[in-house]
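Structural characterization, general
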Amino acid sequence: MKEIVLVRRNDNDKYGFLKNGLLLADKWFEDAYEFDDKTDLSMVQREDGQWGFLDTKGNILGNKWFESVHDFTDGFAMVEKDDLFAFIDTKGNILGGKWFEDAYEFEESFASVKREDGKWGFLDTKGNILGDKWFAEIIGFFHEGFGIVQNNNDEYAYIGKDGNVLGGLWFHKAYPFFEGFGRVVDNQGNEALLGKDGKILGGTWFRSVTDFSEGFAGVRREDGQWGFIDTKGNIL
C-alpha cells in the first residue's frame, strides 16, 4: 500500500500508519508490520501484547485479538489464543469455527492440525479434515500434491489431495516428492523411487537412491556401484 506508510514515534517507539499524510484512525501500536499487498492488512500489536490485523480503514479485522498471528497463505492466517490454534480469513471469520491443539500454516491449500487426542490431520480451505482421516504424525507438508503421514506402527505413507494413501503403500521411511518421485525406504534399509501412480520406478529397489534432479536420480547397487536412473526407469 504505497499511500499508507509505516512510521515510528521518536518519543515512545510506538508505531502507526500515515495515510495521505494523516495518522490512520488516530492509532498507535506497540509493534506493526507493513501492509500486505495481497490482503491489504497489517499485523499490529496493542499494549497488552495481543495481536490483530489492521485494515486500510483503521479497523481491526473482525475486532479480534490474539496471542500471536502469522502471515496469510492460501487466504488464511494462523492465529493463537489461549494456547489453541485456528485460521482466520480476510473477513475475520475463523475457518470452520475450529480450534486445535497445534497447527502449521497452509501449504498447497492444506494445513496440518492436531486435535486433543494428539492425532494429526490435514485441514482444507473449507474447514474440513481431508478424508476425515487422522494420523499419529504428519511428517511432511503437501509438496507436489502429496503430504507424508505416519501411522501408529511408525510406518510412513503419502496422502494425496483426494484423501487416499498413495498406492495403499506404507514404508519404513518416506521423503518429499521431487520431479514427480518420492524416495522411500523398506524395513531392510533398501531404497526406491515411488511415482505418483503409486508404483516403484522400474520395480527396482537399491541400496540407496538420491532425489531426482534435472530428470535423473543416482542409484547404488548391492556391490556399491553407482549409476543414474531416468524417469522411465532406465539405468544409464
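Preceding this section is the structure that the text describes.
Residues numbered from 1 in each chain as written. Predicted model: local features only at pLDDT ≥ 70, side-chain atom pairs only at ≥ 80, totals over all residues. Heavy atoms only, no water.

Right, let's talk about the sheet that holds strand β6 (residues 51–55) for a bit. Pairing between sheet strands relies on hydrogen bonds along the backbone, with the strands arranged either parallel or antiparallel. Pairing is antiparallel across the open sheet formed by three strands, whose spatial order is β4-β5-β6. Edge strands, defined here as strands with exactly one partner in the open sheet, are β4 (31–32) and β6. Where β4 and strand β5 (residues 41–45) come together, two bridges link them in antiparallel fashion. Bridge pairing in β5 places A32 opposite V44. (Pairing = 2+ DSSP bridges. Helix = DSSP H or I, 4+ residues; strand = E, 2+ residues; numbered from the N terminus.)

Secondary-structure assignment places Q50 in the loop between β5 and β6. The class for Q50 is buried, based on a relative accessible area of 18%. For the pair Q50 and W170, spaced 120 residues apart in the sequence, the C-alpha separation amounts to 43 Å. (Buried < 20%, exposed > 50% of the residue type's maximum accessible area, 1.4 Å probe, protein only.)

Bringing the pattern of salt bridges into the picture now. Applying the stated criterion across every chain yields a total of eleven salt bridges. With a shortest N-O distance of 3.7 Å, E191 and R183 are connected by a salt bridge. Of the residues examined, R183 reaches a relative accessible area of 17% and is grouped as buried. Each of K14, E30 and E47 takes part in a single network of salt bridges with overlapping partners. (Salt bridge = Lys/Arg side-chain N within 4 Å of Asp/Glu carboxyl O.)

Time to look at a negative patch on the surface. A cluster of acidic side chains, namely E3, D36, D37, D40 and D71, defines a negative patch on the protein surface. As for its placement among the helices and strands, D40 is situated in the loop between β4 and β5. Residue D40 is classed as partly exposed on the basis of its relative accessible area of 31%. (Patch = residues over 30% accessible without salt bridge, like charges linked within 9 Å, V, L, I, M, F, W, Y side chains within 5 Å. Areas by Shrake-Rupley, 256 points an atom, 1.4 Å probe, with all protein chains shown as cover. Lys, Arg positive; Asp, Glu negative; His and termini not counted. Charge placed at Lys NZ, Arg CZ, Asp CG, Glu CD.)

Although it is not a glycine, N63 sits at a positive phi angle of roughly 55 degrees. Along the chain, N63 falls in the loop between β6 and β7 (68–73). Residue N63 is classed as exposed on the basis of its relative accessible area, which comes to 63%. Its identity is not glycine, yet D74 carries a phi of approximately 55 degrees, on the positive side. Along the chain, D74 falls in the loop between β7 and β8 (76–81).

With antiparallel pairing, the three strands of this open sheet are ordered in space as β13-β14-β15. The sheet terminates laterally at β13 (137–143) and β15 (156–160), the two strands that pair on one side only. The sheet shows a mean angle of 20 degrees between the axes of neighbouring strands, direction not considered. (Axes fitted to C-alpha atoms, helices over the stretch in contact; angles between N-to-C directions.)

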